[in-house]
Structure formats: C-alpha cells, structure tokens
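# Working through the structure, step by step
Okay, here's what each chain looks like letter by letter:
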Amino acid sequence: GGRWPDFPIDVALAVDRYETSKEKSYSASELQARLASAVRRKLVLGEVGAFGTLGSNGGKTNTNRLDAPESLMTSPTNASSCRKAEESQPLPWRVVLGKGGGSIRLTYGTPRTVSTAEALRQHSLADANANILSDNDTSANNSLQQYPMEARLSVLSEDPAAPWKLLSIHIRCSPKTGESDHQLAMNRKQMFDLHRIGERSMVVEEAVCRKANEELKQKKEKDGLIFKKSEGGDDVAMIDDKEQKPLSSSTIVPRPLHRLFEVTHAFALSLQIEILSSQAEALRRGAWGGSSTGVVGPTSGGGGRQARGGALSECIAVSPAYFFGEEKSVGSEGKLGVNDGNPPPIAVVAVHFWSCDDRYGSPRVGDLLAQEKNRNKGEDDASLVSKSTARNQGGDDNFLPKTDRRGEKRLSLCIRAVPTIGLVVSLSGGLDVAANSTVKDGTSAVGHHMQRNVDKLLSSIQDPFQLSMSDALLAATVLCADRRCQAVVGALTRQRMNKLPPWIHLEVECGTISVAALISYPTTSAPSSPSSSRSPTVLFRLACDSRTGRFVPVFPRPASLLRLLACNDPSASDVQSLRSAAMSSSLGARLAAHGGNVAKRADVASRETTGRIVRDAFDTLARSMDTLGRKCGVGGDWNDIDGQSTSLREKSVDQTCHDVRASL
C-alpha cells in the first residue's frame, strides 16, 4: 500500500466509532435536530450565554478588551481572579448559526465582497443546495463575503461536557491593489498547523477549567461549606447549619472560543506585520531610497539641480519585523502597555524617515487614534482597528529593542501588534497630530486635512485587505510636514528679540509656509489708516518635501518673474539675455589673448547678475530653514535626556531663528 508521511499520527482508522455508537440508529432528521439542540445548549450554557458577544452590547465595541493571556492556572484562587477580569468582556467573535443549526460560524472584522471564479462557483453550489436550508436562513446570500478571520465549529456529542470541535478556520489578508505580498501568503502546511494549535487551545481551556472547578469544589468542601438551593434558586453557603450570604458564582465558565480568538488573532497580526515589513524593505530599495540626483530647490519649468545633503540622509531606514520572545525582552524601558492595562505587543516594525536633531532628546512617539464615526447597520462592530490605546509615554518610546539604532536622528513610524487589540500605529508627534486633527462644525480646513491623512494612514495599516506601506508612509510624511511647519512658524513668531518686520507675514497652509508681504504705494505724505491697509500679498511658499523633509521654495502664478529670477533663468529679462550672449561671444576671443584673467573677470561679472543674487538668497533661506526644521522636529513633547535639555534646545533654536530672519 501507499504511504502518507504528512498524515497526522493521532488518526486511527482501525475502528470507526460511529458504526458502534448509538447515533448510528438515529434518522437523518432526528440526528440533525439533536445536533442543533446540542449546539444551542452549548452556546447558552457556555461562554456565549455567560459573557455575550460584541453584537449583544447594543452595537458598542469594548475598545479595551483584555483577557488574561495565561490559560494555565495554578490554583483555584488564580483561576477565580482571572475569570473575574473576564466577566465584563464580551466574546470578540460574531456568532452566526450555520445551515440547519448543526454548526456555528465565527467571524471577525469587516468583510469584503469578492467576485472571483471560485467564489462564484461556491455561490452557485450554495444556491443548488438551498433546499436543505430553512426559509429564514440567509447564509447563502453571504457566500461572496470574506472575513479577515473566520471559523466553523460544532459539537459531536450530546454530553453537556462535550467540547467544541473545530471544523475549519481561515485567515485572510492581502495588500492593496498594485502592492505585493512578497510571497507571504499562507500555505497548506501553515493552515493545517494553525488548525491544530487552535483546536488544542480550546481543549486545554476546557480541561484546565474542569480541573479548576473540581479543586475549587474540594477546597470549599474541606472548609466546611455546604451548598443548598434557596427559594430563589441561588446557591447559598452554610457553615455549622447557619445560613450565610449567597455565593455570586460557584463555578468557572470555560472560554474556549476566546482562546481560539487569541490564537487566530495573534497569527493574523504576525502575518500582517510580515507583509508590511517586506513592503517597507522594498520601498527602501526603490522609490524611497537615497539618490544623489534628487530635485530639491526652487521649482522651474524643467530645470533641476543636485539635492542638498548626501544620499544617505535622504534614504529611509527600516527596522524589520521583530517578534518579542519574552515580556522582559521588550525594549523602550518596559513601557509597552504594562501600565495602561493593555497586553504587551508581540511584534513591532518601524520606518524611519527625515533627519532630526536629537542631541537633547528625540521627539515623543504617540499613538494615532481613529475618529469615532457613525456606523452603518450592516457594518460589523468588531474590527481590527484600535480605537483607544492611551498610555503613559516616557523614555525612548519607539517600541524597538534597545539594540536597534536605526531610529537615531530620525522621525519614526512604528507599527506594533497587540494581542486582542490589533495593529496600533504610532508616529513621532502623534499625540499632537491627534489633538490638532479634531474638526469642529466642519469649519476647519486644516483639521480636515489632518484627519483625512490620519484616516488614510490608519486604513493603510489596519485594513487587512488594503495593506499598503507606501500609502502609510506618504500619509505620515504629510502629517509630519504640517507639524514641522507649525513648529518652525511658532519658533519664528514667539521670539521677543529680533522679531520679523511687521510687513512680513508667515502662515501655515496644509504642509507649506506661505511668506507674504504688505506692499503699499503711498501717494500722500499722510500716514494710512489701519482700515485702509491692504491685505498681505503672498510672494512665495516654502513646501516641505515628502521624501527628504527639506524646504523647497515654490511660487504662485502671479510671482512668475520672481520664480524665473530664483532659477536664474535668462528669459527673466531681455537685457540680461543680451548681456549673457554678448559676454559669451567675446569671452572666447579675449581668452586667447589675455589668458585666465579674462575668465576670472567674466565669472565675477556673472555672479553680479540679478538672477544669481536672487538664487543665492533663496538657497541661503532654504538651508537655514532646513536647519531650523531639524532642530524643531515636529513640535510637541520631547523625550528629554536630562533637566537641562529643554533650555538647551530652545537656545539652539533661537540661534537658528536669527539666521532664518536674516535670510527672510
């Protein structure tokens, strides 16, 4: 005969237990009715009836779902304390009875609708078998919907203590259209291993709770507690035949479905982290990599010049996916959800971009929170989006191991996988981004701009069917650009000494700094009244480049002459064009007669042109603004090294502000 080396060794085909069981004598209808009754009894008397589900709480999702991660309990006292912490937490799964009531379907997350050939074939098969469904069963209408996490379970015995049997389990995640999953899709071996681990976690949970209940009962009997039923049906403890207060709970309800959720959710998060890490590495080697020919400078019709700084300063750095083995191995001074009641993360990946001056401390990394919106009735309340993970920040809070030094002198976008919560996104200055993105009455354009990019960043990371590190990094740079512009303008306007002239106005507009001037044309010697003064005229803007974080002067359409001068374009002036042509034609003849002195005088003359002077002025302004931007970071809070870090940082910023004012 043939051999199956991958066949499970715990399967024995010698005896068919169903042939010798009493269920063999049941008819098909009776067997289906008994199976449906056993499944319903298991739901009502188990954790679903005791704790409920997310759908039974009036559509409100508990954002701080936290159950004891240890399913092995050493004593009944520890078991009771763990269960008390779980009593108020509903089951994260969405429970739906399957066809005929003989199985249950557990789903989690927001579904997607697929229209592939395989899905259409399954849909047609469901329609062909519709005669075995009840009239009010709508499972056939949902056959085209795929959930990020889905499992099917049943009960194979009428025994009240019969455990759940895992029939199938599926985990689905995919990158956004146009992105790559880098061949990280689940294979059949991984699916089979996940099935065995999930089923074993449920079996262990049932066995541990059964043993804990027996030990708890033996301990109470040893202490002299005698239980009887009161008139109301409650268990009442008796000591020396004297009635005491009723006991609130005398048994521990096992939570195998929740243990299955913990295993499945942790595996799904690890798979998403791996995909995002691979996408980040591809970006580092591709579009977001360092280049020595980047175009950074005043925008012209088609001309460009070499970027300021080296290629390494413009390239992003990636801290690949790191999985924590033990809780004590977590970096960041141990502040990873221990103080705020959330479980520690199981993995973290980070992308570092833009240079930042962290001599006196790095910018504080904060979590980005999704804005609460009204949900549709058809939308699943259980999702992989974290709504609230507030915690006490402090120390080096980029959530990476202490040995990882890639984030030094850079801003960071950190993604960590937290069990039972989801993927939590953190960004340098994230706390201030969340505070400034609040929109009231829909009148704040800046708030809309910030919130739109926050939603884009979160959806690119937390939507398992739209994973895109490219969109996430672009949204993060847009948010940091706005925060850097706010910090730079705040530093220039808050100084008491060396203030800007009153005719220069600075304003932040969606990631750019507009530089305007009050231009007046006095016709009389009498001073003009404030009411008759003109509004400031925007001369140019300083835009923050998404790839490098440097400031680039851009010009509005009315300032076309200023744009041509800043680019040293000969077409800015006919006189300058004629002068350049005449100088070039006569340079060759004089060079042969007088040698290098003529070339030196020609170079000095070219430097004195108006276009060259304007271009040098804008270059000086861009360099000083870049230095100020690196020292200001993204504003907000900092992880100070010592007590003098704040004063030293302010002094350094003041010195740079003096250079920026002179350039302006």
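Residues numbered from 1 in each chain as written. Predicted model: local features only at pLDDT ≥ 70, side-chain atom pairs only at ≥ 80, totals over all residues. Heavy atoms only, no water.

## Topic: the overall build of the chain
Heads up, the condition is: Here a helix means four or more residues in a row that DSSP labels H or I, a strand means two or more in a row labelled E, and each is numbered from the N terminus. Between two residues, a contact is recorded if the distance between any of their heavy atoms is within 4.5 Å. Accessibility throughout is a Shrake-Rupley quantity obtained with a 1.4 Å probe, and a residue counts as covered only by protein chains that appear here.
From N to C terminus, the chain includes 15 helices and 20 strands. Relative to all contacts within the chain whose residues are 6 or more apart in sequence, the contacts with residues 24 or more apart total 73%. For the chain, the exposed surface amounts to about 35,900 Å²; the carbon and sulfur share of it is 52%.

## Some details on the side chain of Ser460
Relative to the assigned elements, Ser460 resides in helix H9 (residues 445-462). The contacts of Ser460, once residues within four sequence positions are left out, are Leu276, Gln466, Leu467, Ser468, Asp471 and Ala472.

## Observations concerning the nonpolar core
Counted only if it meets this: The set of buried Ala, Val, Leu, Ile, Met, Phe, Trp, Tyr and Cys residues whose side-chain atoms join them within 4.5 Å is what this entry labels a nonpolar core. Partly exposed residues are those whose accessible area sits between 20% and 50% of the maximum for their type, while under 20% is buried and over 50% is exposed, using a 1.4 Å probe and protein chains only.
Ranked by size, the top nonpolar core spans 95 residues in total, and within it Leu153 and Phe353 carry the most contacts. The contact partners of Phe353, leaving out residues within four places of it in the chain, are Ile316, Arg410, Leu411, Ser412, Leu413, Leu427, Leu473, Ala476, Thr477 and Cys480.

## Quick notes on the sheet that holds strand E11 (residues 347-355)
For the record, the criterion: For two strands to be treated as a pair, DSSP must find at least two bridges joining them. Lines fitted to C-alpha atoms define the axes here, with helix axes fitted over just the stretch in contact, and angles between the N-to-C directions of these axes take values from 0 to 180 degrees.
Pairing is antiparallel in the open sheet, where 5 strands are placed in the order E10-E11-E14-E15-E13. If you trace the sheet from one side to the other, it starts and ends with strand E10 (317-323) and strand E13 (365-367), each paired once. Neighbour-to-neighbour, the strand axes of the sheet open up by a mean angle of 20 degrees, direction not taken into account. Relative to strand E15 (residues 422-428), E13 runs antiparallel, the two sharing 3 bridges. Its bridge partner being in E15, Asp367 is matched across the sheet by Ser426. Lying on the sheet, helix H6 (residues 256-285) is in contact with E10, E11, strand E14 (410-418) and E15; it crosses E10 at an angle near 160 degrees.

## Let's talk about the pairing of strand E17 (residues 512-517)
Taking burial as the measure, the 6 residues of E17 include 6 buried ones, the bulk of the element. Going residue by residue along E17, you find Thr512, Ser514 and Ala516 tucked away on one face and Ile513, Val515 and Ala517 tucked away on the opposite face as well. Bridge analysis of strand E16 (residues 504-508) against E17 gives 5 bridges, and the strand direction is antiparallel. Paired with His505 across the bridge in E17 is Ala516. Counted along the chain from E16 to the antiparallel partner E17, the turn is 3 residues long, and its residue Cys510 has a positive phi close to 50 degrees. With 6 bridges joining them, E17 and strand E18 (residues 537-544) adopt antiparallel strand pairing.

## Examining the environment of Arg541
Here Arg541 lies in strand E18. Accessibility expressed as a relative area gives 25% for Arg541, which makes it partly exposed. Sequence separation between Arg541 and Val552 is 11 residues, and the spatial gap between their C-alpha atoms is 8.1 Å. Non-local contacts of Arg541, meaning those with residues more than four positions away in its chain, are made with Glu509, Thr512, Ile513, Ser514, Val552, Pro553, Val554 and Pro556.

## Remarks on the sheet that holds strand E19 (residues 551-554)
Pairing is antiparallel in the open sheet, where 4 strands are placed in the order E16-E17-E18-E19. The open sheet is flanked by E16 and E19, the only strands paired with a single partner. Shown here is a sheet whose adjacent strand axes are inclined to one another by a mean of 25 degrees, direction ignored. Of the pairings in the sheet, the one linking E18 to E19 comprises 4 bridges and is antiparallel in character. Along E19, the bridge assignment pairs Cys544 with Phe551. Where helix H10 (residues 469-493) meets the sheet, it contacts E16, E17, E18 and E19, and its direction lies at approximately 150 degrees from that of E16.

## Re the packing of aromatic side chains
To keep things clear, this is the line we draw: Classification of ring pairs rests on two measures: the distance between centres of Phe, Tyr or Trp rings, Trp counted by its six-membered ring, which must be within 6.5 Å, and the angle between planes, read as stacked under 30 degrees, edge-to-face over 60 and tilted in between. Lysine and arginine charges are scored as sitting over a ring when NZ or CZ, respectively, is within 6 Å of the ring centre and within 35 degrees of the ring normal.
In the structure shown here, the tally under the stated rule is 7 aromatic pairs. A ring pair is formed by Trp93 and Phe261, whose centres lie 5.7 Å apart and whose planes are at 85 degrees; its orientation type is edge-to-face. Highlighted residues: Trp93 in the loop between helix H3 (76-86) and strand E1 (94-97) and Phe261 in helix H6, separated in sequence by 168 residues. Here Trp93 matches Phe261 in class, with each residue buried. Ring-pair connections join several aromatic residues into one group, and the members of that group are Trp93, Tyr108 and Phe261. Positioned over the ring face of Tyr26 is Arg34, at 4.4 Å from the centre of the ring. We note Arg649 situated over the ring of Trp638; from NZ or CZ to the ring centre the distance is 4.3 Å.

## Thoughts on the confidence of the model for the chain
For clarity, the cut-off: A score between 0 and 100, pLDDT records how confident the predictor is in each residue.
Of all residues in the chain, 66% attain a pLDDT of 70 or more, and the chain-wide mean is 75. Here H3 stands out as the least confident element of the chain, with mean pLDDT 46; strand E5 (residues 149-154) is the most confident, with 94. Under a pLDDT of 50 for its full length, residues 130-142 has, in the predicted model, 11 contacts with residues more than four places off or in other chains.

## Describing the state of the cysteines
Definition in use: We call a pair of cysteine sulfur atoms a disulfide when they lie within 2.5 Å.
Per the stated rule, a full pass over the model turns up 0 disulfides. Unpaired in this structure, Cys480 has its nearest cysteine sulfur neighbour in Cys544, at a distance of 8.9 Å. A relative accessible area of 1% places Cys480 in the buried class.

## Quick notes on the packing of helix H5 (residues 188-222) against H6
When two helices pack together, their arrangement is given by the angle between the helix axes and the distance between those axes. This is how the line gets drawn: Oblique is the label for any angle not covered by the other classes, which are roughly parallel (under 35 degrees), roughly antiparallel (over 145) and roughly perpendicular (65 to 115). Take the far helix as your reference; a near helix turned counterclockwise from it by less than a right angle gives a left-handed crossing, and one turned clockwise gives a right-handed crossing. Gly is placed with the polar residues, together with every amino acid not listed as nonpolar (Ala, Val, Leu, Ile, Met, Phe, Trp, Tyr, Cys and Pro) or charged (Asp, Glu, Lys and Arg).
Running from amino to carboxyl end, H5 crosses H6 at an angle of 150 degrees, the nearest separation of the two axes being 8 Å. With respect to their mutual orientation, H5 and H6 come out roughly antiparallel. In this structure, the crossing between H5 and H6 has a hand that is right-handed. Side by side, H5 and H6 meet where Leu194, Ile197, Gly198, Ser201, Met202, Glu205 and Glu206 of the first sit next to Pro256, Arg259, Leu260, Val263 and Phe267 of the second. Taken together, the residues that form the contact of H5 with H6 break down as 7 nonpolar, 2 polar and 3 charged.

## A few points about the pattern of salt bridges
Definition in use: In what follows, salt bridge is the name for a side-chain nitrogen of Lys or Arg lying within 4 Å of a carboxyl oxygen of Asp or Glu.
All told, the structure shown has 22 salt bridges when counted by the stated rule. The partner of Asp616 in a salt bridge is Arg612, with the nearest N and O atoms 3.8 Å apart. Of this pair, Asp616 and Arg612 are both found in helix H14 (residues 610-632), 4 residues apart, which corresponds to roughly one turn of the helix. Residue Arg612 is classed as partly exposed on the basis of its relative accessible area of 29%. Each of Glu30, Arg34 and Glu158 takes part in salt bridges that share partners, so that together they form one network.

## Structural notes on the environment of Ser319
The cut-off we apply is this: Under this definition, polar contacts are N or O atom pairs within 3.5 Å; protein pairs additionally need one hydrogen-donor-capable and one acceptor-capable atom, and for neighbouring residues in sequence, both atoms have to be side-chain atoms.
Checked against the element boundaries, Ser319 lands in strand E10. Here Ser319 falls in the buried class, since its relative accessible area comes to 0%. Sequence separation of Ser319 and Val351 is 32 residues, and the distance between their C-alpha atoms is 6.2 Å. Not counting the four nearest positions on each side in its chain, Ser319 is found in contact with Val349, Ala350, His352, Leu400, Asp404 and Arg406. A distance of 2.9 Å separates the side chain of Ser319 from the side chain of Asp404, its partner in a polar contact.

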